[in-house]
Amino acid sequence: MEKQQLNQAYWNERWENRQMGWDIGYASTPIVEFMDGYENKDAAILIPGCGNAYEANYLLDQGFTNITLIDIAPKLVEDVRKRLEGKANIKVLLGDFFDHEGSYDLILEQTFFCAIDPTLRPAYISKSASLLNENGLLAGVLFNIHFQRPGPPFGGHEEEYHSAFEKSFELQIMEPCRNSIPERKGSELFIKLKKKDVQN
Ligand SMILES: C[S@@+](CC[C@H](N)C(=O)[O-])C[C@H]1O[C@@H](n2cnc3c(N)ncnc32)[C@H](O)[C@@H]1O
C-alpha cells in the first residue's frame, strides 16, 4: 500500500468527511486538571494541531488571556473561528506547526504528536523547544501503546520518548497518566517537560 501523505489535503478531507475518531467532544481531563494547577493566567499558550480545541474553551472560561491555536486544515480552522468568534484572548491560526514562528510559555499536547508521521518526531521536539521561552513547558498526553493498524494515530512507548525528548527537555513528568478519559485509560503518558537552557 502506498504511504499516506499526511498533508493539508488529507487532514482537510478527514474534517470535511467527519472522520474524526480522535475527537472526544470535551476538554480532556488530564489537560483540564493540569491547567487547574497552572497559575499564570497571562501565559502565552499554544495548542498545535488543535482540532476542535475544547481545551481552549475551558482555558477561556478559567480566565486565560493569551491562547493561540494552530491547525493545518482550512475547513476546520474556519469552523473553529466561527465557534470562537468575538472571544478576545484567543487567536486561531491556519498553518503548519513546523513553519510556525512565535514564543510561548506553554505548549499543550493532545493527539497532535501521534498524528504526524513518526519520521517528523525529532522535528516536532526541536520545533516545540524553539517555540518555547526560557523555562517554557510542553505538557499534555502521549500514547504509550503501539497500535496494530497503520497510523495515524501512531503510537509509541515511554522508553523511546524518553531518549528522544531528553535531548531538548528536562523530563519533569513522563509517567502513566492517572486521569485519562475512560477510552484511553492505561494507554497514555502524562508529560510535563521543561525546555532545557542549552539545546543538545
Ligand atoms: C488527531 S487530530 C487531533 C485534534 C485535537 N488535538 C484533538 O485532540 O481533538 C490532529 C490534528 O492535527 C492537525 N495537523 C496535522 N498536521 C498538522 C501540522 N503539520 N500543523 C498543524 N496542524 C496539523 C490536523 O488537521 C488535525 O486537526
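Here the structure is a predicted model, which is why all the values come from computation and not from measurement.

Trainee: Would you mind showing me how to read helix H5 (residues 121–131) here?
Mentor: Two residues of an α-helix separated by three or four positions point the same way, owing to the 3.6 residues in each turn. When H5 is considered as a whole, its buried residues turn out to be Arg121, Tyr124, Ile125, Lys127, Ser128, Ala129 and Leu131. Those residues of H5 hidden inside the fold are in contact with strand S1 (45–48), strand S4 (104–110), strand S5 (132–143), helix H6 (158–165), strand S6 (169–176) and strand S7 (188–195).

Trainee: Quick question: what am I supposed to make of the pattern of salt bridges here?
Mentor: Two side chains of opposite charge can pair, provided their charged atoms sit close to one another. One pass over the full model with this rule turns up six salt bridges. Between glutamate 33 and arginine 178 there is a salt bridge whose closest N-O contact spans 3.4 Å. Pair noted here: glutamate 33 is in helix H2 (residues 29–36) and arginine 178 is in the loop between S6 and S7, with a separation of 145 residues, a long-range link. Ionic pairing is found between glutamate 78 and lysine 82, a salt bridge with its closest N-O pair at 3.6 Å. Remark: lysine 82 and glutamate 78 occur in helix H4 (residues 74–83); sequence separation between them is four residues, near one turn of the helix. A residue is classified by how much of its surface remains accessible, and glutamate 78, at 41% relative accessible area, is partly exposed.

Trainee: Can you walk me through the site of the ligand in this structure?
Mentor: Not every one of the 17 residues close to the ligand is listed here, only the nearest: Gly49, Asp71, Phe97, Gln110 and Thr111. At a separation of 3.2 Å, a nitrogen atom of the ligand approaches a polar backbone atom of isoleucine 72. The separation between a nitrogen atom of the ligand and a polar main-chain atom of phenylalanine 97 is 2.9 Å. With the chains in place, 95% of the 590 Å² that the ligand exposes on its own is no longer accessible. Of the residues that constitute the shell around the ligand, the class distribution is ten nonpolar, five polar and two charged.

How each quantity is defined
- Sequence order as written defines the numbering, with residues in each chain counted from 1.
- Where local features are concerned, this predicted model is filtered to residues with pLDDT of at least 70; where side-chain atom pairs are given and counted, the filter is 80 or more; whole-chain, interface and lining totals use all residues.
- Excluded from the side-chain calculation are hydrogens and water; included are all heavy atoms of the structure.
- Accessibility here uses a 1.4 Å probe with only protein chains present; expressed as a share of the type maximum, an area under 20% marks a residue as buried, one over 50% as exposed, and anything in between as partly exposed.
- To qualify as a helix, a DSSP run of H or I must reach at least 4 residues; to qualify as a strand, a run of E must reach at least 2; elements of each kind are numbered from the N terminus.
- Here a residue-residue contact requires only that any non-hydrogen atoms of the pair lie within 4.5 Å.
- When a carboxyl oxygen of Asp or Glu lies within 4 Å of a side-chain nitrogen of Lys or Arg, that pair is called a salt bridge.
- Neighbouring residues are identified by heavy atoms, a residue being near a molecule or strand if any of them is within 4 Å of it.
- In protein, a polar contact means a hydrogen-donor-capable atom and an acceptor-capable atom, both N or O and within 3.5 Å, with residues adjacent in sequence counting only if both atoms are side-chain atoms; elsewhere, any N or O pair within 3.5 Å suffices.
- Only the protein chains shown count as covering a residue, and every accessible area follows the Shrake-Rupley method with a 1.4 Å probe.
- Only Asp, Glu, Lys and Arg are considered charged in this grouping, and only Ala, Val, Leu, Ile, Met, Phe, Trp, Tyr, Cys and Pro are considered nonpolar; every other residue, Gly among them, is considered polar.

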